[in-house]
Amino acid sequence: MPDAVNLQGADNDSPVRFFQLYLPHDDELAVSLLKRAVTNGFAACILTTDTWQLGWRLVDVLTSSYAFYRGIGADLGFADPIFQRRMEKTGIDPKKQPEDAGAMWIDNKELSCGKPFCTKESNPCGDLDVDGIVVSNHAGRQVDGTIASLDALENIVNARISEKLTVMFDSGARGASDIIKALCLGANFVWVVRMWIYGLSIMGEEGARRVMKCLAEFDISMLTAGIRNVGEMQRRRQESYPKGYTLIAKKAKL
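The name given to the chain in an unreviewed UniProt entry is FMN hydroxy acid dehydrogenase domain-containing protein, with Cladophialophora bantiana as the source organism. Its UniProt record, at the heading Cofactor (unreviewed entry), says of the chain: "FMN".

### Looking at the overall build of the chain
Looking only at helices and strands, the chain has 9 helices and 5 strands in total. For the chain, the succession of helices and strands along the chain, N to C, is β-α-β-α-α-α-α-β-α-β-α-β-α-α. Looking at the chain residue by residue over its 254 residues, the buried ones come to 35%. A total accessible area of about 16000 Å² is found for the chain, and carbon and sulfur atoms account for 55% of it.

### Describing the nonpolar core
General note: in soluble globular proteins, nonpolar side chains tend to be found buried as a group. One finds L153, F218 and M233 to be the most contacted residues of the largest nonpolar core, which totals 26 residues. Contributing elements (two or more residues each) for this core: β3 (132-135), α6 (149-158), β4 (166-169), α7 (176-185) and α9 (217-224). For L153, the residues in contact, after removing those within four places along its chain, are V135, V167, F169, A182, L185 and A187. Judged by nonpolar contacts, the second largest core, of 17 residues, contains L21, L29, F78 and I106.

### Some thoughts on the packing of aromatic side chains
Two measures describe an aromatic ring pair: the distance that separates the ring centres and the angle between the ring planes. All chains considered together, the criterion is met by 4 aromatic pairs. On the basis of an interplanar angle of 65° and a centroid distance of 5.9 Å, the ring pair of F19 and F42 is categorised as edge-to-face. Separated by 23 residues along the polypeptide, F19 in strand β1 (residues 18-22) and F42 in the loop between α1 (27-39) and β2 (44-48) bring together distant segments of the chain. Exposure remark for F42: the relative accessible area of 22% places this residue in the partly exposed category. Between F189 and W191, the ring centres sit 5.6 Å apart and the planes meet at 65°, which makes this aromatic pair edge-to-face. Taken together, the ring pairs in this structure connect F18, F189 and W191 into an aromatic cluster. Over the ring of F42 we find R17, and its NZ or CZ is 4.2 Å from the ring centre.

### Comments concerning the pattern of salt bridges
In the structure shown here, the tally under the stated rule is 7 salt bridges. Residues R36 and D80 are paired through a salt bridge, measuring 3.0 Å at the closest nitrogen-oxygen approach. A residue pair is termed long-range when its members are at least 10 positions apart, and R36 in helix α1 and D80 in the loop between α3 (75-78) and α4 (81-90) qualify at 44 residues. Close ionic contact of R228 with E232 constitutes a salt bridge, the shortest N to O distance being 2.7 Å. Relative accessible area serves as the criterion here: at 72%, R228 is assigned to the exposed category. Looking at E232, the relative accessible area reads 10%, which means it is buried. Among the ionic contacts, a cluster of salt bridges with common partners joins D26, E28, R85 and R86.

Rules used throughout
- Per chain, residue numbering runs from 1 following the sequence as it is written.
- Predicted model: local features are reported for residues with pLDDT of at least 70 only, side-chain atom pairs are reported and counted for 80 or more only, and whole-chain, interface and lining totals are derived from all residues.
- Each side-chain value is derived from all of the structure's non-hydrogen atoms; neither hydrogens nor water enter the calculation.
- UniProt positions are given in the numbering used here, feature names are shortened, and annotations may be inferred rather than shown by experiment.
- Labels follow the DSSP assignment, with helices taken as runs of H or I lasting at least four residues and strands as runs of E lasting at least two, numbered in each case from the N terminus.
- Three exposure classes are used, based on accessible area relative to the maximum for each residue type with a 1.4 Å probe and protein chains only: buried under 20%, partly exposed in between, and exposed over 50%.
- In short, Shrake-Rupley with a 1.4 Å probe defines the accessible areas, and a residue's cover is counted only from the protein chains shown.
- What makes a nonpolar core is a set of buried Ala, Val, Leu, Ile, Met, Phe, Trp, Tyr and Cys residues whose side-chain atoms join them at distances within 4.5 Å.
- Residues are treated as being in contact if the distance between any of their heavy atoms lies within 4.5 Å.
- Any two of the Phe, Tyr and Trp rings considered here, Trp counted by its six-membered ring, make a pair once their centres fall within 6.5 Å; the pair's planes then place it as stacked at under 30 degrees, edge-to-face at over 60, or tilted in between.
- Working rule: Lys NZ or Arg CZ, within 6 Å of ring centre, within 35 degrees of ring normal, means a charge sits over the ring.
- Each salt bridge in this description consists of a side-chain nitrogen of Lys or Arg and a carboxyl oxygen of Asp or Glu lying within 4 Å of one another.

Here's what the structure looks like:
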């Protein structure tokens, strides 16, 4: 984005709008997407780094759950002037050939329905010209057997990356206690996404509001933990035990 954004300086009256970019293989298309984002009021960009190739998602394969190849979910590309030129050049009409247009979008953009992720190997991020890092395991859908996002967060905080960058946590937050754990481990703030999307998909705006009321337990969780304010959510409040997902030497039996 054109100007640096203070991720910690936003207030309720002027929240920062994030644009999540899945980087295309087409540089001209990438620039076009970013320009459109700026024009539409987005002030910060999240670069997704874990989907150069879609992961092997067995459930999606078994159910043929690839919406883009059905012409669904590629509206961002269909509305882009650069991508429109690409489709016109190949003779594809998105209105008459939505499946072909959707396939062209996913094949050129490597887009998937997930989140950015980072692991403990993210030390070089501190040397790049970025303002923050989102810790996520792509909802566990991109790499089979990946570690939990909360463990990755602890590794990143231990690497002292949070001293240079704003650390955001994502993936797996299902309630207030999950948010408190992430904040205690060192996250600057936590994304809560899937919860309200579930409610939105079922009951629209009212569904989203009802689901988000689950976060009313935040105050109760703080009270029962003896935490008076968010500033007291520090590492000393969080007990961390050795990881319990070591590989088992014995072969699995079918």
